[in-house]
Amino acid sequence: MSGATHTAAGPRLYDRTAELAAVARLSARAAAGRGGVLLVTGNPGEGRTSLLSRAASDFPGTAYRVAAPHHRGPWSAARALFAALAPTPAAARRALRLARGEGGLARTVATLVTEAQTVLICVDDLHLWDAHSRAALAAAWREADGRGPGRPGRVGWLVSAARHHRFPEVPGAETVRLGRLTTAGARALLGDLCAVAAPAPPVGERLLDEAAGHPGVLAATVRRLTAAQLAGTQPLPRPAVDDAVLAEVYGGLLERLPAASRRLLATVAVAVLAGRTGADCARAETYGVRDGGGGADGRAPSARASAEPLEGLVADGLLRRRRGGAVGFDDPFLGRAALASARPSWRGETRAPGPATGATPSADPSAEPVADRPAAGAAALARGQGHRADRLGPSAAVRALSPVARGRAQLVRGLAALAGGPVMDAHEELLQAAELLRGRAPVEASDARFLAMEAAWAGGDVEGCLAALAGGEDARGTERDFADGLSAALTVRLDDARTALTRVVTGDGATDDPRLLLRAGSAALVLGDTATAARVHARALVRARAEHRTALLPRALEQLAYAELRAGRYSRAARTAREGLRTAEATGQHNVAAHQHAVLALVASVEGDGTAVTEHAGRALATAGPHGLVQAATLAEWALARAELGQGLAAQAAARLVPLVRPGPRGGHFALRMLVVPCFVEAAVAAGRDAEAREAAEEYAAWAALGVDGPAQAQLARCRALLGKGEAPAYWFGEAVRRHDSCGNDFERARTLLAYGTWLRRRRRPGDARGPLRDALVTFERAAAGGWAEHTRSELRATGGASGGATDPAAPRELTPQQQRIVRLVARGATNQEVADHLSLSPRTVDHHLRGVFARLGIRSRVELPGVVDGWDADREARTVATARPERR
């Protein structure tokens, strides 16, 4: 904005040069027959309606203004649109019927606008339109882009909506966002508002200072003042921009929000104002309560703790996520209005000592009473002057907060850190919130304890988990079972853990509440039942989608991806993790996104995609390090090590895995440490670190005996095979394959077969080695594990075959006769040009056939073809001998 002032027949505008230029471009497109859509967004009172009025008055053709109807029923807004466009009420009714039919709104508008007309349709407050009309209007705009048959090319659409409204995707549409006025623009507006008598200079400066460039707030404040107050003969209210002014400007917006959203905004406002007085103001601007109802005992309404509705407000633009996961208001006036609109009983408000209501304050600014400083502090915050707000202190409402309100402020800070900050900070905030809410708001206290446990789990802190679980003495039902069962599991009392957690899986797993389903799935994972965990988490995801729980989706997808990973369903885990990553990034849940990157890195390590492993693991570790995400960091490091092992870099993989399998605070995550041991044993044995491998395997054997992981016994047998001497490994490899067959996870079974085949080859038994290696190759190829498949092919070639399929008798039949001829010629040393001349082909065709041969036979270059042909001939000779022997008898 340039600060220029525009005058015309319409309303006078201030600092709207860029916006009026966008309107002029729209008018030019409409006059040229290209049409177009201009979307205008802004906060209440920032001048959306004035801009539309000015555009309509300046438009050289015919302009129509359509406001949102008072009655909001299906097609009510479309009815208002056609009432403005149609010449008669009967024509408007016919147009509505046509728009609701196959014709659609675009063709209907085209029938009401002649080709010679240039029309501007100004739609005000689109966010108040009904859903049917908005959908029809969006479809009409897409047709107006030139791809629909009903294109009204000489029609321009100027559409305004509140900042929190999400406009539909319209190709070619331009969006302008209204903002605050400059000091010069605000001063010009104040002069027009006080045209009869200019305000006294001190009064004018104070009004400009408190309004902070907001045109609607400035106008509403001036309207509430008397002539004597403007002249300076009577004192101004303190603050001049008080709750009544903000209610006038923002009341309509807040009234249309659900009650839970209003309480949520008020809680964030409390946290913002309270946090500004502490040492860490950025971390205090956080959020997080969910809907509940007030109790009959006069207590505050039960606002259940959840990041979900907050993420919806962030997505709507009513709140803004800042660096480090903190959340605050883009428009501080909105926060003050939300806090003022909340019930005093919910805010925990008490009247501050001082003059009685209605008493006249001193006109001398230097005599400002202490009780008035919070209002000035809020005004300073509205202007972005945090240093002044810190000196002036918090508002009276913040100073007099009840324990429940203080607990909720702690709760929102903890939720913000859990979503996108240091998780152990979140753990401490949530534990303090639970203590403040205990006995006063039991539902919130329970949720705060559970979230504190989740934070400690992500941070790999067993003691933190137990501290959070121990605080719920008043918990009942499956909540009590979950706390007792998880505490028993963490202290290795597995019989007690199984009994309690099984009740959680059975009870919560049968509900339709996605939060309870997520808890049941977590209990199943602790029990080692990955199939049930994946099934229950899938149900939680379905319910979250059905209930449009947008902000809960990242969490559900995170849990489901991990359960599918544990179950060995790698392709499903990758698909789920990719979706979870998109939703986590869209809602600003950076810690969830880090976990999804770690899952994707592990899947990529299975597929052998080293580039993807490095990328996803790097992004996971970039967040996990500063935020203390030990679980995500362990998964990412495990992925990097497994990729290195697949590439034959055993020493490097073993060095990376050593810290992960060691106990203690510097080791890996307590729930993942044993899962990493089989990979470490394989790498350590290959790297010559047998003593460390044996020590880790002994600890793994004790853990596998507990029965908390299905594939553990199979992987233990593989570890014993790798560590065995003489012919003992043959028994243990066979035992491992047998156990894999009963517990699933084909990838781990293929790894066992690869290790078995490698051991046989090194024992100079290449013929015996080919069977396990071929089985492993087939499984790796089916799982799209390219790196592991290539490793297996190299082992097969070392046994004397070109690849797993090259010496198969059926291999020649998989090639066309032309390809077989090309293979035999190349195997004799012919070049592509020589083969082309011999077979009357082009060299390019020969190259194309060779590429197909390499893919079918699983080889990498032409130098391997002689071995392939020799294998074919040997197999053919063997079959010829076998068929000739019966004839001699």
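Definitions and cut-offs
- Here the residue numbers are simple positions, counted from 1 along each chain's written sequence.
- Selection of residues for local features in this predicted model requires a pLDDT of at least 70, selection of side-chain atom pairs for listing and counting requires 80 or more, and totals for whole chains, interfaces and linings are taken over all residues.
- The side-chain figures draw on all heavy atoms in the structure; neither hydrogens nor water molecules are used.
- Where helices and strands are cited, they refer to DSSP runs of H or I of at least four residues and of E of at least two residues respectively, numbered from the N terminus.
- Remark: exposure states derive from per-residue accessible area (1.4 Å probe, protein chains only) relative to the maximum for the residue type, with buried under 20%, exposed over 50%, and partly exposed in between.
- Where accessible areas are quoted, they stem from the Shrake-Rupley method and a 1.4 Å probe; at the residue level, only the protein chains shown are allowed to cover.
- The set of buried Ala, Val, Leu, Ile, Met, Phe, Trp, Tyr and Cys residues whose side-chain atoms join them within 4.5 Å is what this entry labels a nonpolar core.
- Any two residues whose heavy atoms approach within 4.5 Å are treated as being in contact.
- Should DSSP find at least two bridges between two strands, the strands are taken to pair.
- For helices, the fitted axis covers only the stretch in contact; all axes are lines through C-alpha atoms, and the angles between them, taken along N-to-C directions, range from 0 to 180 degrees.
- Under this scheme an angle from 65 to 115 degrees is roughly perpendicular, one under 35 degrees roughly parallel, and one over 145 degrees roughly antiparallel; angles in between are oblique.
- By definition, turning the near helix anticlockwise from the far helix through less than a right angle yields a left-handed crossing, and turning it clockwise yields a right-handed one.
- In the scheme used here, Gly and all other residues not listed as nonpolar or charged are polar, with Ala, Val, Leu, Ile, Met, Phe, Trp, Tyr, Cys and Pro taken as nonpolar and Asp, Glu, Lys and Arg as charged.
- Any Lys or Arg side-chain nitrogen located within 4 Å of an Asp or Glu carboxyl oxygen qualifies as a salt bridge.
- A score between 0 and 100, pLDDT records how confident the predictor is in each residue.

A. Expanded view of the overall build of the chain. When helices and strands are tallied, the chain shows 44 helices and nine strands. Burial statistics for the chain: of 889 residues in total, 54% are counted as buried. In the structure as shown, the chain presents an accessible area of about 37900 Å², 52% of it carried by carbon and sulfur atoms.

B. Looking closely at the nonpolar core. The biggest cluster of nonpolar side chains holds 127 residues, and the ones touching the most others in it are Met 453, Phe 482, Leu 565, Trp 638, Leu 657 and Phe 780. Residues contacting Leu 657, with those up to four places away along its chain left out, are Trp 638, Ala 641, Val 676, Cys 679 and Phe 680. Counting residues in hydrophobic clusters, the runner-up holds 46 residues, among them Ala 212, Val 241, Leu 253 and Ala 337.

C. Region of interest: the side chain of Asn 43. Within the secondary structure layout, Asn 43 lies in the loop between strand E3 (36-42) and helix H2 (48-58). When sequence neighbours within four positions are dropped, the list of residues in contact with Asn 43 reads Arg 48, Arg 163 and Asp 331.

D. Region of the structure containing the sheet that holds strand E5 (residues 119-123). What the five strands build is an open sheet, ordered E4-E5-E6-E3-E7; its pairing is parallel. Of all strands in the sheet, those with a lone pairing partner are strand E4 (62-66) and strand E7 (174-177), marking the two edges. Sheet twist, expressed as the average angle between the axes of neighbouring strands with direction ignored, equals 15°. Pairing between E5 and strand E6 (residues 155-162): five bridges, direction parallel. Within E6, the residue paired with Cys 122 across the bridge is Leu 158. Across the sheet, helix H1 (residues 17-31) touches E3, E5, E6 and E7, and the angle it forms with E3 is around 160°. Contacting E3, E4, E5 and E6, H2 crosses the sheet at an angle of about 165° to E6.

E. Quick peek at unusual backbone geometry. A cis amide bond links Arg 238 to the next residue, Pro 239, at an omega of 0°. Relative to the assigned elements, Pro 239 resides in the loop between helix H10 (227-231) and helix H11 (243-255). One non-glycine residue with positive phi stands out, namely Ala 212, at about 55°. Along the chain, Ala 212 falls in the loop between helix H8 (201-211) and helix H9 (215-223). Take Ala 212: its relative accessible area is 19%, and that puts it in the buried class.

F. View of the packing of helix H37 (residues 728-743) against helix H38 (residues 746-762). It is at 10 Å that the axes of H37 and H38 come closest, and there the two elements cross at 165°. Taken together, the axes of H37 and H38 are roughly antiparallel relative to one another. As for the relative orientation of H37 and H38, their crossing is left-handed in sense. Contacts between H37 and H38 involve Pro 729, Ala 730, Phe 733, Ala 736, Val 737, His 740 and Asp 741 from the first element and Glu 748, Arg 749, Thr 752, Leu 753, Ala 755, Tyr 756 and Trp 759 from the second. Class assignment of the residues belonging to the contact of H37 with H38 gives a composition of nine nonpolar, two polar and three charged.

G. Just the pattern of salt bridges, in detail. Enumeration over the complete set of coordinates arrives at 40 salt bridges. Between Glu 174 and Arg 25 there is a salt bridge whose closest N-O contact spans 2.4 Å. In this pair, Glu 174 sits in strand E7 while Arg 25 sits in helix H1, placing the two residues 149 residues apart along the sequence. Close ionic contact of Asp 58 with Arg 54 constitutes a salt bridge, the shortest N to O distance being 2.7 Å. Here the residue Asp 58 and the residue Arg 54 both occupy positions in helix H2, the gap between them amounting to four residues, near one helical turn. Given a relative accessible area of 39%, Asp 58 falls into the partly exposed group. Residue class for Arg 54 comes out buried when judged on its relative accessible area of 5%. Salt bridges linked by common partners bring Arg 642, Glu 682, Arg 718, Glu 748 and Arg 751 together as one network.

H. Highlighting the confidence of the model for the chain. With 81% of its residues at a pLDDT of at least 70, the chain reaches an overall mean of 78. Segment residues 146-152: pLDDT under 50, and 17 contacts once partners within four positions in sequence are set aside and those in other chains are kept. Scored below 50 in pLDDT, residues 275-306 shows 114 contacts in the model against residues more than four places distant or in partner chains.

I. Spotlight on the environment of Ile 822. Note that Ile 822 resides in helix H41 (residues 817-827). When its relative accessible area of 0% is taken as the criterion, Ile 822 is described as buried. Leave out the neighbours within four places in its chain, and Ile 822 touches Val 835, Leu 839, Leu 841, Val 846, His 849 and Leu 850.

J. Geometry of the packing of helix H39 (residues 766-782) against helix H40 (residues 786-798). With their axes 9 Å apart at the nearest point, H39 and H40 run at an angle of 160° to one another. In terms of orientation, H39 lies roughly antiparallel with respect to H40. H40 is crossed by H39, and the crossing has left-handed handedness. Listed contacts from H40 to Arg 770, Leu 773, Arg 774, Ala 776, Leu 777, Phe 780 and Glu 781 of H39 are Trp 788, Ala 789, Thr 792, Arg 793, Glu 795 and Leu 796. By residue class, the composition of the contact of H39 with H40 is seven nonpolar, one polar and five charged.

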